[in-house]
Amino acid sequence: MRALYYNDLFAFSEGKFPEAARPITVSRCFGARDRCQVVRTTAVTVRIVMNRSILKPLISSVAALLTAMFLAEILLRSLAPQPQSTLDIYVRHPRLPIYALRPNAETAFSNGESRWSVQTDASGFRIRTGPPHGKEGARKTILILGGTNTFGYDVNYEQTFAGLLEEASLDAHVINAAVPIYGPVQYRMVLEDLLSKGLRPDLILVGFCPGTDFAHALSSKDVMPHDGYLESNLGARGFIKKSTHIYRFVASTFHRALTGGDPSDMASERPLFVEEEWQRPPLSLAVDRVREEARRIQNLAASHSARLVFVMVPTAAMVSSERANKASGLADPLDLPSLHTEAIFRGLGIDVIDTTPAIATLPSGTTHYRFDRHLTPQAHRMIYEELRHTLNSP
């Protein structure tokens, strides 16, 4: 039997097999200079086993690390429980082939950048936290449809443009039926369902986000939530994120330390800023779908004598483009997503409010959260001001 040392192992890694190694099997190490043992068979199978002097400290280090993490997890759960960072109150819609929000839910979230809470009513619609807002004498009803930003992800309801509108409209009952990651198809489905249940809104506001809603227009939302999440299989990272407080603490601390500044560019949004992309699939198909759904929403509103207004809610990229276009001195500083979206709605005769120019007047780094990319309270207030000014105009 012959022991193979490091120089022999390097030869193995380069595909050069020592002659003496071919017919032998080495099962143990010899001598003080050996750092490992090699098991060699005629099938050219090589197994390297760490010497005990290396293996023991490694096992001890891993065990110490796991013990420290376990103790930290216990301490955090006992002394400083960390809230969830992602929404976990999704359920299957009771009547439609889509997901919805759990009725009568009340929970809090934090990701380091923002700390916010969510409360829903018996219908699963988001409402202000605390006792109900007294609107018994309301003379009109305002229905708000939309997706993630219209729902008010990352901010408290009182800070959303829907909440601000509700607070200011003393004679109106505001229903925010927006749900995260919904798109134009779901806006229309929810409207149809509510009208069939007897709701008669006087004003319908549809929050439309060009940066995401064209993609959502082509994607199905026929999802069966799992334990409050949209993903049926969260994967290893998702499981750790959902189950461990130490992960939430570390992620929250990281986000808090690096917060500020505008979000980075998203590859999925880049085609919206290229004119040629609007003329070919999949974006051209999305345009057709958005136009069709907007027309159907328009017909539903007209059949129930409700005023309809689409509100453009911009992404960080749209705000950045707006600022750059204005700085360049262009006669029409609107970005491509705003131009094409406005053309769709105005072509149908639908009132549209583009809030991008107003939000672009805010300082850089204050309109969207850097990591989650959702609107900040400052941006929500700008949308509210635009709504208040436009809706109150003759």
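Everything here concerns the structure above.
Residues numbered from 1 in each chain as written. Predicted model: local features only at pLDDT ≥ 70, side-chain atom pairs only at ≥ 80, totals over all residues. Heavy atoms only, no water.

It is at 9 Å that the axes of helix α5 (residues 184–196) and helix α9 (residues 283–303) come closest, and there the two elements cross at 20°. In terms of orientation, α5 and α9 fall into the roughly parallel class. Viewed along their axes, α5 and α9 form a crossing whose handedness is left-handed. Across from Pro 184, Val 185, Tyr 187, Arg 188, Leu 191, Glu 192 and Leu 195 in α5, the residues of α9 making contact are Arg 289, Val 290, Glu 293, Arg 296, Ile 297 and Leu 300. Here the residues of the contact of α5 with α9 are counted per class, giving eight nonpolar, no polar and five charged. (Axes fitted to C-alpha atoms, helices over the stretch in contact; angles between N-to-C directions. Helix = DSSP H or I, 4+ residues; strand = E, 2+ residues; numbered from the N terminus. Parallel < 35°, antiparallel > 145°, perpendicular 65-115°, else oblique. Left-handed = near helix turned anticlockwise from the far one by under 90°. Contact = heavy atoms within 4.5 Å. Nonpolar A, V, L, I, M, F, W, Y, C, P; charged D, E, K, R; others polar.)

Attention now goes to the pairing of strand β11 (residues 307–312). Most of β11 sits out of view: five of its six residues are buried. Both β11 and strand β12 (residues 351–354) contribute to a ladder of four bridges, which runs parallel. Residue pairing in the sheet places Met 312 in a bridge with Asp 354 of β12. (Buried < 20%, exposed > 50% of the residue type's maximum accessible area, 1.4 Å probe, protein only. Pairing = 2+ DSSP bridges.)

As a further point, take helix α10 (residues 316–327). In this model α10 runs 17 Å from its N-terminal to its C-terminal C-alpha over 12 residues, within 8% of the 16 Å that 1.5 Å per residue would give. Of the surrounding elements, those touching the buried residues of α10 are α6 (210–216), α11 (336–347) and α12 (356–359). Trailing α10 by a residue or two, Gly 329 shows a phi angle of about 80°, which is positive. (Expected span 1.5 Å × (residues − 1).)

Here we come to the pattern of salt bridges. The tally for this structure, following the rule as stated, stands at 18 salt bridges. The partner of Arg 188 in a salt bridge is Glu 192, and the shortest N-O contact between them spans 3.2 Å. Remark: Glu 192 and Arg 188 occur in helix α5; sequence separation between them is four residues, near one turn of the helix. By relative accessible area, Arg 188 is classed as buried at 10%. Glu 192 gets classed as partly exposed once you look at its relative accessible area, which sits at 30%. Put simply, Arg 270 and Asp 265 hold a salt bridge, and the shortest N to O gap is 2.8 Å. For Arg 270, a relative accessible area of 46% puts it in the partly exposed group. Put simply, Arg 188, Glu 192, Glu 293 and Arg 296 are held in one network by salt bridges that share partners. (Salt bridge = Lys/Arg side-chain N within 4 Å of Asp/Glu carboxyl O.)

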